[in-house]
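Okay, here's what each chain looks like letter by letter:
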Amino acid sequence: MAHDNGGKQLLHLVFGGELEAIDSTTFRDLTKLDIVGIFPDYKSAHVAWKAKAQATVDNAQMRYFIVHMHRLLDPDSAA
């Protein structure tokens, strides 16, 4: 099911975990990554990312990310 993207799926992965340092993107323990989910568009991924980021705001080393999976699946795409 496409979501106003010209018929294309623009999949996004939201995940996070505790970083070794706040100025790093190296995770402290890969076995404890929180895979929030895969979303059909950036808007829904951003809603999920924001909820997780706000829920963990007291832990400065906890970070959540949005990965544009559609760019990895189709690197020649301009979207």
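Before reading further, recall that the structure is shown in the block above.
What counts as what
- Residues numbered from 1 in each chain as written.
- Predicted model: local features only at pLDDT ≥ 70, side-chain atom pairs only at ≥ 80, totals over all residues.
- Heavy atoms only, no water.
- Salt bridge = Lys/Arg side-chain N within 4 Å of Asp/Glu carboxyl O.
- Helix = DSSP H or I, 4+ residues; strand = E, 2+ residues; numbered from the N terminus.
- Buried < 20%, exposed > 50% of the residue type's maximum accessible area, 1.4 Å probe, protein only.
- Phe/Tyr/Trp six-rings, centres within 6.5 Å; stacked < 30°, edge-to-face > 60°.
- Pairing = 2+ DSSP bridges.

Taken as a whole and judged by the stated rule, the model has two salt bridges. Here R28 and E18 are joined by a salt bridge, their closest N and O atoms 3.3 Å apart. Within this pair, whereas R28 is found in the loop between β1 (12-18) and β2 (34-39), its partner E18 is found in strand β1, the two being separated by 10 residues in sequence. By relative accessible area, which is 44% here, R28 ends up partly exposed.

The tally for this structure, following the rule as stated, stands at three aromatic pairs. Plain terms: the ring middles of F15 and F27 are 5.8 Å apart, the flat faces sit at 50° to each other, and that makes the pair tilted. With a gap of 12 residues between them, F15 in strand β1 and F27 in the loop between β1 and β2 connect regions that are remote in the sequence. For F15, a relative accessible area of 15% corresponds to the buried category. Among the aromatic residues, ring-to-ring pairing joins F15, F27 and F65 into one connected group.

Moving on: the pairing of β1. Across the seven residues that make up β1, a large majority, six, are buried. Pairing of β1 with β2 involves five bridges; the strand directions are antiparallel. Bridge pairing in β2 links G16 to D34. With seven bridges connecting them, β1 and strand β3 (residues 62-68) associate as antiparallel partners. Residue G17 lies in a different strand from β3, and its bridge partner there is R63.

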